[in-house]
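Chain residues, written in single-letter form:
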Amino acid sequence: MSRRVALEGSHAVAEAVRMANVDVIASYPITPQTHIPERLAEMVANGELDAEYIPVESEHSAMSACVGAAAVGARAFNTTSGQGLELMHEVLYVASSMRYPTVMAICNRGLSAPLSVWADHSDAMAVRDTGWIQVFCQNNQEVFDMTLWAFRVGEDPRVLFPVMVYLDGFTLSHVIEPVNLPQQEEVDRFLPKLQYRFALNPDNPMTHGAFGPPDIYTEAKIAQEVAFRKSKEVLLQGWKEFGDIFGRYYYPVELYKAENAKTLLVLQGSLSETAKLVVDKRRESGEPVGLIYLRLWRPFPLHEFRQAVKDVDTLIIFDRCISFGGPGGPVCSEIRSALYDMERRPKVVGFVGGLGGRDVSVGDFEHVIDRGREVAKKGSEEIFETVGVRGEVVGIRG
Amino acid sequence: MAQEFIKFGKNLVDTREFLAPGHNFCLGCGEVLAMRLVCKTLGEKVIIAMATGCDEVSSTPLPVTSWRVPWVHTLFENVGAEISGIEAGMKALMRKGRIPQRDIKFVGMAGDGGTMDIGLQALSGAIERGHNFLYLCWDNEAYMNTGIQRSSGTPYGASTTTAPAGKISVGQRTWKKNMVEIAAAHNIPYAATACPSYPFDLMNKVKKGAEIEGPAYIHILCPCPVGWRFPSNLTIEIGRLAVETGIFPLYEVENGRYKLNIDRPKLKPVEEYIKPQGRYRHLPQEELQKIQERVNEEYAKLKAKVAAFAA
Ligand SMILES: Cc1ncc(C[n+]2csc(CCOP(=O)(O)OP(=O)(O)O)c2C)c(N)n1
Ligand SMILES: [Mg+2]
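**Q** Quick rundown of helix α10 (residues 271-284) of chain A? Include the residues and the values.
**A** All names here are of chain A. For α10, with 14 residues, the first-to-last C-alpha span of 21 Å sits near the 20 Å given by 1.5 Å per residue. For α10, the set of buried residues is Leu 271, Ser 272, Ala 275, Lys 276, Val 278, Val 279, Asp 280 and Arg 282. Buried residues belonging to α10 abut β7 (163-168), β10 (253-256), β11 (263-267), β12 (289-294), β14 (314-319) and α13 (362-378).

This is the structure:
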């Protein structure tokens, strides 16, 4: 029996972390993530959560402390946004490459300069290759669910990789939505206690983090890549088990009104909920338009994605990030490259918008669909299109 | 491993080696001498976190390791934070009954660069938060691992590759950062200096630092034949001269109380320490004089503290 409560995204994260009974929390405050460490500190202060709360002096130290805690077999949690994620960048590679299964919630935020505390995905895209499992959330129920799931799959002995859960800053972190909270017994059934078999312990001395000379580094990295890709099976199994216990099933690539669609929008994060309203309208007027929600970002669900778009004419990819001087927005470039080897592949049109908290409205998505189909048909000299920018944008050329 | 001790006067020294032979440290390295003694003192109930530097690269090329105790290395500047996480993790696991309650020493180790420059923030945070850990700084007075670049621990007048002596330069133009005083300014329960030329003093301090509840900091001067340019058979001698000239006094600050461990009635001239080292080869007499004056002044300040806040 679950309880239905009203929670902002930040507090949904905190509830999941509490129910996961974490051992160590190390986190440094940054807008829009602050409500998460504040709520967790409160829980620890009131004895609702038995954990060590380390009020670290920076994000670099937050991630390093989580790495230390994970090295001794403790369940560790961290949370940050934008600049904080950038500051801990080098530690992210360490956590994944040393196979420490820790979990971090990221309230996505644009990157300075100019300073912005508002939502976009530049922070996420800057760390996409760090070897972390990464998922994007659409609403606060998913925020709770993905956080619990993250512990379950990351700690699985067949996985042992850290997991990032992305929720858009403010639009999810600060917005109250109804969330079903499960019973603790159900959570305990889904999430066993962490048994990290490489934990540092004087009874069985181990060396973690010896350096890699050229005659071994490549093998170490390829082994990591193989293990990382292989972990996808466990991620899917984790979602299946999650659904069996809690009744909500998740997939790496989620289809919305995609049946017989000729045009599919592709999104990550909370904007998908706005875009779905437009898809509904178009479907009502008989247009074959649908949506793909790309939940699992790493490891990239190549097979599932190709399968989902094989009969489609046009894909319209919406990026909330610029890859300066790149061949398109980061998601768009990846998808183009992912589809290149298909026998029959759709046209791919890229849009960039919603930067630094800029609203993307229903009207904007109407434009995205119309203009996207036009570009697919007639082509364009611009490498990507922009949404909601004041003034005429020309010159995004190759 | 059966535990046996050798008796040196009133000191008992473990015969076991926790840092295995076969490592890649240089001939005459002061750092590895200190490290070996430190490990003997700490014993096997320990978890060590180490920064990038000579210490880490010389002890662990994959797929081998010299460490017979639990040991982790991740990055250059984060040992303070990492050992915080280790201590907190073990504390939580023991409190929650996930692992048995027991006494394990949590020890962070880094070079002067990893401690006084890039790692200072993480270390300050860890000390300020009061984690129960021992931190050891291997001070060889430069970034040796990357090829003798200057650090804030490099002494005035020494030539390094990024502060070289030249036609219009004396080499390092700044005075060595006083890291023990920085640690002490955190109101740390225990801070001390040590040097492998004084092995029992070093071991006693490590023992004390490990047993104290809360953070403890020991700053260990490690003469480096390669970086300081002296013959590798002089390591112990150079360390002694650093102490005997007052350039590197051996002292402790225990809960704010100062104690000089070696207090010679008369200090040797700093020239005796400086002359055998190639890194000072270029120094003119007037610069030597300047260093002597500075040492006199600093030593007098330390003595005044010892007198005012005696242990
Ligand atoms: C972030 C970062 N910056 C720079 C380096 C390069 N680096 C590795 S070790 C080192 C110097 C180490 O000096 P110190 O801490 O004094 O230790 P030593 O090697 O002298 O014992 C440097 C600059 C690094 N590994 N990481
Ligand atoms: Mg050094």
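**Q** Please provide a residue-by-residue account of unusual backbone geometry, values included.
**A** Glycine aside, the phi torsion of most residues is negative, and most peptide linkages are trans. The residue after Ser 112 of chain A, namely Ala 113 of chain A, is reached through a cis peptide bond having omega 0 degrees. Relative to the elements of secondary structure, Ala 113 of chain A occurs in the loop between β5 (103-108) and α6 (122-126). Between Ala 113 of chain A and the following residue, Pro 114 of chain A, the backbone shows a cis peptide bond with an omega angle of -5 degrees. Of note in this structure, Ile 148 of chain B is not a glycine but carries a positive phi near 60 degrees. By secondary structure assignment, the location of Ile 148 of chain B is in the loop between β6 (134-139) and β7 (165-166). You can call Ile 148 of chain B buried: its relative accessible area is 18%. Unusually for a residue other than glycine, Asn 255 of chain B sits at a positive phi of about 45 degrees. Tracing the backbone through its elements, the reader meets Asn 255 of chain B in the loop between β11 (251-254) and β12 (257-260). Asn 255 of chain B sits in the exposed class, given a relative accessible area of 59%.

**Q** How would you summarise the pairing of strand β5 (residues 105-111) of chain B if you had to cite specific residues and measurements?
**A** Residues and elements named next belong to chain B. With seven of its seven residues buried, β5 lies for the most part within the structure. Residues Lys 105, Val 107, Met 109 and Gly 111 point to one face of β5 and Phe 106, Gly 108 and Ala 110 to the other, with burial holding for every one of them. Across five bridges, the pairing between strand β3 (residues 46-50) and β5 is parallel. Along β5, the bridge assignment pairs Ile 48 with Val 107. With five bridges joining them, β5 and β6 adopt parallel strand pairing. What sits directly across from Val 107, in β6, is Leu 134.

**Q** Describe the interface of chain A and chain B, naming the residues involved and giving the relevant values.
**A** Each partner contributes residues to the interface: chain A has 43 residues there, and chain B has 43 residues. For chain A, the biggest contributors to the area lost against chain B are Glu 52, Pro 202 and Phe 211 of chain A; these three give 19% of the whole. At the junction of chain A and chain B, the tally comes to six salt bridges. In this structure, the connection of chain A to chain B is made through 19 residue pairs in polar contact (both at pLDDT 80 or more). With seven residues, helix α3 (residues 59-71) of chain A is the single largest residue contributor to the side of chain A that touches chain B. Classifying every residue of the side of chain A that touches chain B gives 24 nonpolar, twelve polar and seven charged.

**Q** I'd love a proper account of the coordination of the magnesium ion (ligand 2), names of residues and values included.
**A** Residues and elements named next belong to chain B. Protein coordination at the magnesium ion (ligand 2): the donors are Asp 112 (OD), Asn 140 (OD1) and Ala 142 (O), at 2.0 to 2.1 Å from the metal. In primary-sequence terms, the residues that donate to the magnesium ion (ligand 2) follow D-x27-N-x1-A. Here Asn 140 lies in the loop between β6 and β7 and Asp 112 lies in helix α4 (residues 112-117), a separation of 28 residues in the sequence. For the pair formed by Asp 112 and Asn 140, the shared burial category is buried.

**Q** Residue-level account of the layout of surface pockets, with values.
**A** The space that makes up the largest pocket amounts to roughly 970 Å³. Looking at the largest pocket, it is lined by 30 residues, and the ones nearest its centre are Ser 97, Met 98, Gly 209 and Ala 210 of chain A together with Leu 62 of chain B. Elements with a contribution of two residues or more to the lining of the largest pocket: α5 (89-97), β9 (207-208) and α9 (214-246) of chain A. If one sorts the elements of the lining of the largest pocket by residue count, α9 of chain A sits on top with six residues.

**Q** Tell me about empty space enclosed by the protein, and name the residues and values.
**A** Residues and elements named next belong to chain A. Under the definition given, this model contains three cavities of 30 Å³ or more. Computed from the structure, the largest cavity encloses a volume of approximately 60 Å³. Lining the largest cavity are His 121, Met 125, Val 266, Leu 267, Gln 268, Phe 318, Asp 319, Arg 320 and Val 331. Going through the elements one at a time, β11 and β14 are the ones with two or more residues in the lining of the largest cavity.

**Q** Requested: an account of the pairing of strand β4 (residues 76-80) of chain A, with residues and values cited.
**A** Residue and element names in this part refer to chain A. In terms of residue burial, β4 counts as a mostly covered element, since five of its five residues are buried. Bridge count for strand β2 (residues 24-26) against β4 is two bridges, and the pairing is parallel. From the neighbouring strand, Ile 25 faces β4, where its bridge partner is Phe 77. Note: β4 against β5, four bridges, orientation parallel. Bridging across to β5, Phe 77 finds its partner in Val 103.

**Q** Talk me through the sheet that holds strand β4 (residues 71-73) of chain B; I want residue IDs and the actual numbers.
**A** With mixed pairing, the nine strands of this open sheet are ordered in space as β9(A)-β4(B)-β3(B)-β5(B)-β6(B)-β10(B)-β9(B)-β11(B)-β12(B). Edge strands, defined here as strands with exactly one partner in the open sheet, are β9 of chain A together with β12 of chain B. Bridge count between strand β9 (residues 190-194) of chain B and strand β10 (residues 216-221) of chain B: five bridges; the pairing is parallel. Residue pairing across strands places Ala 191 of chain B opposite Tyr 217 of chain B, the latter belonging to β10 of chain B. Strand contacts of helix α11 (residues 285-308) of chain B: β11 and β12 of chain B, with the helix running at about 125 degrees to β12 of chain B, the strand carrying the most contacts.

**Q** Quick rundown of the packing of aromatic side chains? Include the residues and the values.
**A** Counted according to the given criterion, the structure contains 19 aromatic pairs over all chains. With 4.3 Å between their ring centres and 5 degrees between their planes, Trp 149 of chain A and Trp 239 of chain A make a pair best called stacked. With Trp 149 of chain A in helix α7 (residues 140-154) and Trp 239 of chain A in helix α9, this residue pair connects regions lying 90 residues apart in the sequence. Here Trp 149 of chain A matches Trp 239 of chain A in class, with each residue buried. With 5.4 Å between their ring centres and 50 degrees between their planes, Phe 318 of chain A and Phe 365 of chain A make a pair best called tilted. Pair noted here: Phe 318 of chain A is in strand β14 and Phe 365 of chain A is in helix α13, with a separation of 47 residues, a long-range link. Of the two residues, Phe 318 of chain A and Phe 365 of chain A, both sit in the buried class. Put simply, the rings of Phe 190, Phe 242, Phe 246 and Tyr 250 of chain A pair up and form one aromatic cluster. When the ring centre of Trp 228 of chain B is taken as origin, the NZ or CZ atom of Arg 279 of chain B, which lies over that ring, is 3.9 Å away.

**Q** Explain the nonpolar core residue by residue, including any values.
**A** Proteins that are soluble and globular tend to have nonpolar side chains buried together. Residue and element names in this part refer to chain A. Residues Met 63, Leu 265, Phe 305, Leu 315, Ile 335 and Phe 365 are the most contacted members of the largest nonpolar core, which totals 117 residues. Among the elements that make up this core, the one with the highest residue count is α3 (eight residues). A domain split of this core shows at least three residues from each of domain 1 (3-246) and domain 2 (254-397). Aside from chain neighbours lying at most four places away, what touches Phe 305 is Val 253, Val 266, Ile 292, Leu 294, Phe 300, Leu 315, Ile 335 and Leu 339. Counting 50 residues, the second largest nonpolar core, distinct from the first, contains Leu 7, Cys 107, Phe 161 and Val 179.

Rules used throughout
- Residue numbers run consecutively from 1 along every chain, following the written order of its sequence.
- The naming scheme follows written order: chains are lettered A onward, ligands numbered 1 onward.
- In keeping with the predicted nature of the model, local features appear solely for residues at pLDDT of at least 70, side-chain atom pairs appear and are counted solely at 80 or more, and the whole-chain, interface and lining totals rest on all residues.
- Remark: hydrogens and water are excluded; side-chain values derive from all non-hydrogen atoms of the structure.
- For the purposes of this entry, the term helix denotes a DSSP run of H or I that reaches at least four residues, the term strand denotes a run of E that reaches at least two, and both are numbered from the N terminus.
- Each helix should span, by expectation, one fewer than its residue count multiplied by 1.5 Å.
- For every residue, the accessible area obtained with a 1.4 Å probe (protein chains only) is divided by the maximum for its type, and the residue is called buried under 20%, exposed over 50%, and partly exposed between those limits.
- Any two residues having at least one pair of non-hydrogen atoms within 4.5 Å are treated as being in contact.
- Pairing between strands requires that DSSP locate at least two bridges from one strand to the other.
- By convention, the term buried area covers the 1.4 Å-probe accessible surface removed from two parts as they join, with the contributions of both added.
- In the sections that follow, a salt bridge refers to a side-chain nitrogen of Lys or Arg positioned within 4 Å of a carboxyl oxygen of Asp or Glu.
- Any N or O atom pair separated by 3.5 Å or less is treated as a polar contact, with the protein-specific requirement of one donor-capable and one acceptor-capable atom, and with residues adjacent in sequence counted only for side-chain atom pairs.
- Each residue receives one of three labels: charged for Asp, Glu, Lys and Arg, nonpolar for Ala, Val, Leu, Ile, Met, Phe, Trp, Tyr, Cys and Pro, and polar for the others, Gly being one of them.
- Sodium, potassium and calcium take a 3.2 Å donor cutoff, other metals 2.8 Å, and in both cases only N, O and S atoms count; water is not among them, so sites may look incomplete.
- Space inside and on the surface of the protein is sampled on a 1 Å grid over the protein atoms alone, with a cavity defined as a set of points where a 1.4 Å probe fits but cannot get out and a pocket as an open set with protein on both sides within 12 Å along at least 5 of 7 lines; lining residues have an atom within 4 Å of a point.
- Grid points are joined across faces, edges and corners, and a volume is the space filled by probe spheres set on the points.
- Geometry is summarised by axes, namely lines fitted to C-alpha atoms with helices restricted to the contacting stretch, and by angles between N-to-C directions that run from 0 to 180 degrees.
- Working definition: rings of Phe, Tyr and Trp (its six-membered ring) pair if their centres are within 6.5 Å, and the pair is stacked with planes under 30 degrees apart, edge-to-face with planes over 60 apart, and tilted otherwise.
- Criterion for a charge above a ring: Arg CZ or Lys NZ at most 6 Å from the ring centre, at most 35 degrees from the ring normal.
- In these notes, a set of buried Ala, Val, Leu, Ile, Met, Phe, Trp, Tyr and Cys residues joined through side-chain atoms within 4.5 Å is what counts as a nonpolar core.
- Segmentation of the chain into domains, including their bounds, is taken from an automatic or database domain assignment.

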